[in-house]
Amino acid sequence: MAEPVLLVRESLPRRVWWALRCWWLIAGMWTKAALSYRASFALLLLASLAVSSLDFVVILLMFQHTDQLGGWALPDLAFLYGTSTFCLGAANMLVGSIDALGDRVRAGTLDTVLIRPAPALAQLCAERFSPRRVARPIQSVLVLGWALQRLPVQWTASRLLLVPVILVCGTAIFCAVFVGFASLQFWWGQVGEIQNSFTYGGATLLHYPPTIFAKELVAGAVFGVPLAFVNWLPALHILGHPDPLGLPTAFQYASPVAAVLACAAAGLVWRRGLRAYRGTGS
Amino acid sequence: MGAARLYLAVAAGSFRRFATYRGATLAGVFTNSVFGLILASTFLALWHARPGLGGYDARQAVTYIWISQALLVTVAVWGGGFQDDLQERFRTGDIAIDLYRPVDFQLWWLATDLGRAAFQLFARGVAPTLVGMAVYRTRLPTDPRVWALFLLSVTLAVVVSFGLRFLVSLTGFWLHDSDGIRSLALVVSMFFSGMLLPITLFPGLLGAVAPVLPWAALIQLPADILLERRTGGAAAAALGFQLGWAVALLLLGRLVQGLATRKVVVQGG
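A quick note: this is a predicted structure, and the numbers were derived from the prediction, not measured.

Asker: Sorry, what's going on with the nonpolar core here?
Answerer: The tendency in soluble globular proteins is for nonpolar side chains to be buried side by side. All names here are of chain A. Counting residues in each nonpolar core, the largest one holds 156 residues, and the members touching the most others are F79, F174, Y208, W232 and W270. Per element, the largest residue contribution to this core is 13 residues, and it comes from helix α8 (residues 157-183). The contact partners of W270, leaving out residues within four places of it in the chain, are I98, L101, A120, L121, L124, V179, S183 and F186.

Written out as structure tokens, the structure is:
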């Protein structure tokens with residue numbers, strides 16, 4: 001398929017604004033639909049809150065039996081959990097629907113997305129949006145708030161600044177992981193579940209301190225899929241823990257760079273995938 | 001005799017159907033392996049801090065993780081399997097056709113679910129376990145009798161899981177959208193099956209209640225049998241517990257099904 005032709009070449013900020021507006025309108029439509037079954041929606045929201053709390057309950061149960069895990073205490077783990085879960089939850093809200101890409105490729109319904117006068121990526125990210133996805137961010141903010149109160153940390157300016165940096169850059173990195181791995185479905189139809197390894201699996205990895213994992217796994221999360229920049233590396237500075245890999249301290253501040261690189265890489269994979277896409281002809 | 005052949009054919013068809021999703025199966029094996037690697041590290045850290053916790057040594061604890069990953073999809077702890085098909089048939093109204101077919105509604109779906117589970121145990125059970133054995137020091141039995149007991153226990157686990165999911169699906173006769181109930185069932189199932197943490201580690205009242213609930217039959221008991229924590233009489237008791245819940249849930253499902261079909265509302269035309 002030829003490269004999609006943009007009839008009007010618009011400036012980048014206008015195109016981004018248009019994409020965001022499309023996302024907002026489609027997500028709004030799905031929200032309206034979800035709210036029309038009120039009882040079901042309330043149950044689903046409650047269930048989502050409970051599901052997303054389960055892994056923290058496991059951490060709490062673990063700390064019934066020990067005071068520390070890999071040299072880190074419960075408030076440290078709550079901080080890791082809160083930040084990691086927030087970033088995953090926010091990314092899932094923004095772009096999580098992209099994981100249905102494989103179904104669309106297989107059924108050939110991606111064609112209808114491509115001929116609509118709205119950016120394809122924005123449409124796919126907002127498709128099937130459900131307002132109950134706020135459950136995870138809400139629950140993670142509660143855990144994070146508790147952690148921030150309990151951490152025995154001297155709040156210097158750099159430490160304080162790193163917290164919002166984690167939340168913003170971590171969300172961007174998870175968005176890139178969602179889009180990047182979902183784009184693989186352009187080539188290999190049904191492998192959507194691989195994405196879960198890096199999104200949900202990645203978030204689970206980041207709930208726990210890097211000290212308990214094999215060095216190869218930690219290195220992979222720094223230099224491979226840059227999950228370590230979501231919270232591990234900045235958390236080392238905030239919580240005052242030594243780096244098990246002994247990386248330069250600059251890495252602890254490098255999350256914005258990692259986020260930009262990850263988003264650029266994901267964008268590239270998405271565009272290559274879209275170009276490789278062939279309709280089913282139906 | 002003819003009926004048994006019919007249900008066997010249904011199960012075999014279901015097995016073959018799932019066997020055609022090769023890409024999805026490979027992706028699932030990869031995901032189970034990644035989660036196994038992550039969770040085994042967390043368990044090792046916990047058992048490093050508290051050796052012998054819950055009566056498991058570190059090797060058994062790591063093996064527990066890989067068994068639970070192998071069983072996750074097989075016993076459908078997340079729900080799903082036949083539930084997705086059944087839900088679709090409620091939505092389209094095809095459920096009416098199922099009800100006047102000359103086969104038993106409950107046994108038909110049980111047969112499809114057993115076929116699915118057999119494929120998943122083979123496909124998504126074996127490969128991640130091999131990954132676990134390659135990376136960690138695991139503890140799997142060499143005695144074929146233990147494996148035979150384990151397979152029996154897994155079969156019963158699938159039937160118990162079916163019984164629970166069948167009840168959840170039957171709410172579709174009353175509620176037009178059973179997604180909410182399904183999500184709640186998922187939370188309970190994940191937590192009380194021992195999927196997240198062996199239920200022997202649950203404290204206080206939680207620890208007293210969890211082992212008698214039907215969800216204990218899904219992960220905890222098959223895992224304990226394979227880890228040889230339950231042998232002889234204790235293994236027989238575990239299988240009896242599973243069988244008891246399987247029968248009770250199937251009978252309850254039959255009762256609810258009878259109530260439901262008397263007031264069925266079919267959508268569409």
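Asker: Is there a simple way to think about unusual backbone geometry in this case?
Answerer: Working note: non-glycine residues mostly have negative phi, and peptide bonds are mostly trans. A positive phi is found at A:R128, a non-glycine position, where the angle reads about 55°. Here A:R128 lies in the loop between α6 (120-126) and α7 (135-150). Taking relative accessible area as the criterion, A:R128 reaches 42% and is therefore assigned partly exposed. In this structure, B:E228 is a non-glycine residue whose phi angle is positive, near 60°. Along the chain, B:E228 falls in the loop between α10 (220-226) and α11 (232-262).

Asker: What is the right way to read helix α2 (residues 38-62) of chain A from this model?
Answerer: Turn by turn, an α-helix covers 3.6 residues, leaving residues three or four places apart pointing in a common direction. Residue and element names in this part refer to chain A. A rise of 1.5 Å per residue sets the reference length of α2, with its 25 residues, at 36 Å; its end C-alpha atoms lie 36 Å apart and thus fit the reference within 8%. By the largest-angle criterion, L54 marks the main kink of α2, which is about 35°. Three or more residues of α2 are buried, namely S40, F41, L44, A47, S48, S52, L54, F56, V58, I59, L61 and M62.

Asker: What is the right way to look at the interface of chain B and chain A in this model?
Answerer: How big an interface is tends to be stated in terms of the accessible area lost upon association of its parts. On the side of chain A, 30 residues touch chain B, which itself brings 36 residues to the contact. Contact between chain B and chain A buries roughly 2900 Å² in total, counting both sides, with carbon and sulfur atoms accounting for 77%. Taken together, chain B and chain A are joined by one salt bridge. Residue A:E193 pairs with B:R124 through a salt bridge whose shortest N-O separation is 3.1 Å. Counting every contact that joins chain B to chain A gives five residue pairs in polar contact (both at pLDDT 80 or more). Residue assignment for the side of chain B that touches chain A shows that the elements contributing at least two residues are α2 (22-49) and α8 (179-192) of chain B.

Asker: What's the story with the pattern of salt bridges in this structure? I'm lost.
Answerer: As a working rule, side chains carrying opposite charge can pair if their charged atoms are close by. All names here are of chain B. Counted under the stated rule, the structure contains 14 salt bridges over all chains. Here D98 ties to R89 by a salt bridge, and the two come within 2.7 Å at their closest N and O atoms. Like R89, D98 is buried. With a shortest N-O distance of 3.2 Å, D143 and R145 are connected by a salt bridge. Linked by salt bridges that have partners in common, R89, D98 and R101 make up one network.

Asker: Can you help me understand helix α11 (residues 215-224) of chain A in this one?
Answerer: Residue and element names in this part refer to chain A. Where α11 is concerned, the buried positions are V218, A221 and V222. All buried residues of α11 fall inside an arc of 95° around its axis, so they share one side. In this structure, α11 carries E216, F223 and G224 as exposed residues pointing more than 90 degrees from its buried face. Its buried side turned inward, α11 meets α10 (200-207) and α12 (232-239).

Asker: Looking at this structure, I do not really get the packing of α10(A) against α2(B). What am I missing?
Answerer: Helix packing for two helices is described by the angle between their axes and how far apart those axes are. α2(B) packs onto α10(A) with a crossing angle of 10° between their chain directions and a minimal axis gap of 10 Å. As far as their axial angle goes, α2(B) and α10(A) are roughly parallel. Facing α10(A), whose interface residues are A:Y200, A:G201, A:T204 and A:L205, α2(B) presents B:F35, B:I38 and B:L39.

Asker: In this structure, what is going on with the side chain of A:R136? I would like to understand it.
Answerer: All names here are of chain A. Among the secondary structure elements, R136 is positioned in helix α7. D55 is the oppositely charged side chain nearest to the buried, salt-bridge-free R136, at an N-O distance of 5.0 Å. Beyond its immediate chain neighbours, meaning those up to four positions away, R136 contacts S52, T85, L88, G89 and Y200.

Asker: Which parts of the structure should I look at to understand the packing of aromatic side chains?
Answerer: We describe a pair of aromatic rings using the distance from one ring centre to the other and the angle between the two ring planes. Residues and elements named next belong to chain B. Evaluated as defined, the whole model comprises 24 aromatic pairs over all chains. When the centroid spacing of 6.0 Å and the interplanar angle of 90° are considered together, the rings of W147 and F150 count as edge-to-face. Taken together, the residues W147 and F150, both in helix α7 (residues 144-170) and three residues apart, mark about one turn of the helix. For W147, a relative accessible area of 33% translates into the label partly exposed. Taking 4.9 Å as the distance between ring centres and 20° as the angle between the ring planes, the aromatic pair formed by F191 and F202 counts as stacked. With a gap of eleven residues between them, F191 in helix α8 and F202 in the loop between α8 and α9 (204-209) connect regions that are remote in the sequence. These aromatic residues form a ring-pair network of at least three members: F82, F105, W109, F162 and F166. The ring of W108 has R101 lying over it, and the distance from NZ or CZ to the ring centre is 5.2 Å. In this structure, R229 is placed above the aromatic ring of Y56, and the distance from its NZ or CZ to the ring centre is 3.9 Å.

Asker: Please explain the packing of helix α3 (residues 74-95) of chain A against α10(A) as it appears in this structure.
Answerer: Residue and element names in this part refer to chain A. α10 packs onto α3 with a crossing angle of 160° between their chain directions and a minimal axis gap of 8 Å. Accordingly, the angle class assigned to the pair α3 and α10 is roughly antiparallel. You can see that α3 and α10 cross each other, and the crossing is right-handed. The residues of α10 that touch α3, namely those facing L77, L80, Y81, S84, T85, L88 and N92, are Y200, A203, L206 and H207.

Definitions and cut-offs
- Residues numbered from 1 in each chain as written.
- Chains lettered and ligands numbered in written order.
- Predicted model: local features only at pLDDT ≥ 70, side-chain atom pairs only at ≥ 80, totals over all residues.
- Heavy atoms only, no water.
- Core = buried A, V, L, I, M, F, W, Y, C linked by side-chain atoms within 4.5 Å.
- Buried < 20%, exposed > 50% of the residue type's maximum accessible area, 1.4 Å probe, protein only.
- Helix = DSSP H or I, 4+ residues; strand = E, 2+ residues; numbered from the N terminus.
- Contact = heavy atoms within 4.5 Å.
- Expected span 1.5 Å × (residues − 1).
- Bend = angle between axes of the 7 residues up to and from the residue.
- Buried area = accessible area lost by both parts, 1.4 Å probe.
- Salt bridge = Lys/Arg side-chain N within 4 Å of Asp/Glu carboxyl O.
- Polar contact = N/O pair within 3.5 Å; in protein donor to acceptor, adjacent residues only side chain to side chain.
- Arc of directions from axis to C-beta.
- Axes fitted to C-alpha atoms, helices over the stretch in contact; angles between N-to-C directions.
- Parallel < 35°, antiparallel > 145°, perpendicular 65-115°, else oblique.
- Lys, Arg positive; Asp, Glu negative; His and termini not counted.
- Phe/Tyr/Trp six-rings, centres within 6.5 Å; stacked < 30°, edge-to-face > 60°.
- Lys NZ or Arg CZ within 6 Å of the ring centre and 35° of its normal.
- Left-handed = near helix turned anticlockwise from the far one by under 90°.

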